[in-house]
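Residue-level listing of the chains:
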Amino acid sequence: MTSMRVDEGLTMYLIIGAALPAELRTTLLGLQAHFPDKSWVPESYLFLPFCTLGTITHPGLLEEIDHALRNVCPRAPLSFTTDGFEVSLRKDRISLGIKIQPSQLDHLSVKIRAAIQRAGVQNPRAHSPLTIPLARITDVPPPTVSQWIQMHHPQTFSTGSISEITLFSSWKNEEIPLIIPEEEYHFNGSI
């Protein structure tokens, strides 16, 4: 790995995803700034997750992940369109996200998961359907969240494209998980 931290005794919680195009990221940051109250907790980092690897502690496995991601990258950028908002309830947590319509990105997500399994990661979790997480919401029923979004933000967003996969690390600082880009894998094969 070129820039990823590989320290002795390192424990990292890893997620593979894609950084968002600047225009979409700016739009979503603006949306997060207009959430109605403190029960809407914006995600700390806006990105499109493909696959969660979980906690990785072995430096040799980090090298295998690096090799797998370098070999799974397409040769050209992949486009996607958004398909509105998604409100989901999982384990007593309401999540708000932007749905992605991505036949190509969905296929890439499957390829990433298969490559990561071959690299030796046990039970990587693919994200399906693909969604950009925007917020965790407490004390507000999902139908109310959905109504607020429909009333205040009925627009759809423009088509975008991604040209790299990013390996992110995550850890919790109080209640907000911090997401940190660790390594980028460009689709043209060069870093």
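All values derive from a computational prediction rather than experimental measurement.

1. Here we look at the environment of Phe47
Take Phe47: it is sitting in strand S3 (residues 47-56). By relative accessible area, which is 6% here, Phe47 ends up buried. Separated by 29 residues in the primary sequence, Phe47 and Ala18 place their C-alpha atoms 5.9 Å from one another. Once residues within four sequence positions are removed from consideration, Phe47 is found in contact with Ile15, Gly17, Ala18, Leu20, Ile132, Pro133, Phe168 and Ile179.

2. Section: the pattern of salt bridges
Following the criterion strictly, the structure yields three salt bridges and no others. As a salt-bridge pair, Glu183 and Arg70 come within 3.8 Å of each other at their nearest N and O atoms. On the criterion of sequence distance, the pair formed by Glu183 in strand S10 (residues 176-186) and Arg70 in helix H2 (residues 59-72) is long-range, its members being 113 residues apart. Linked through salt bridges whose partners overlap, the residues forming this network are Asp66, Arg70 and Glu183.

Criteria and cut-off values
- Residues numbered from 1 in each chain as written.
- Predicted model: local features only at pLDDT ≥ 70, side-chain atom pairs only at ≥ 80, totals over all residues.
- Heavy atoms only, no water.
- Helix = DSSP H or I, 4+ residues; strand = E, 2+ residues; numbered from the N terminus.
- Buried < 20%, exposed > 50% of the residue type's maximum accessible area, 1.4 Å probe, protein only.
- Contact = heavy atoms within 4.5 Å.
- Salt bridge = Lys/Arg side-chain N within 4 Å of Asp/Glu carboxyl O.

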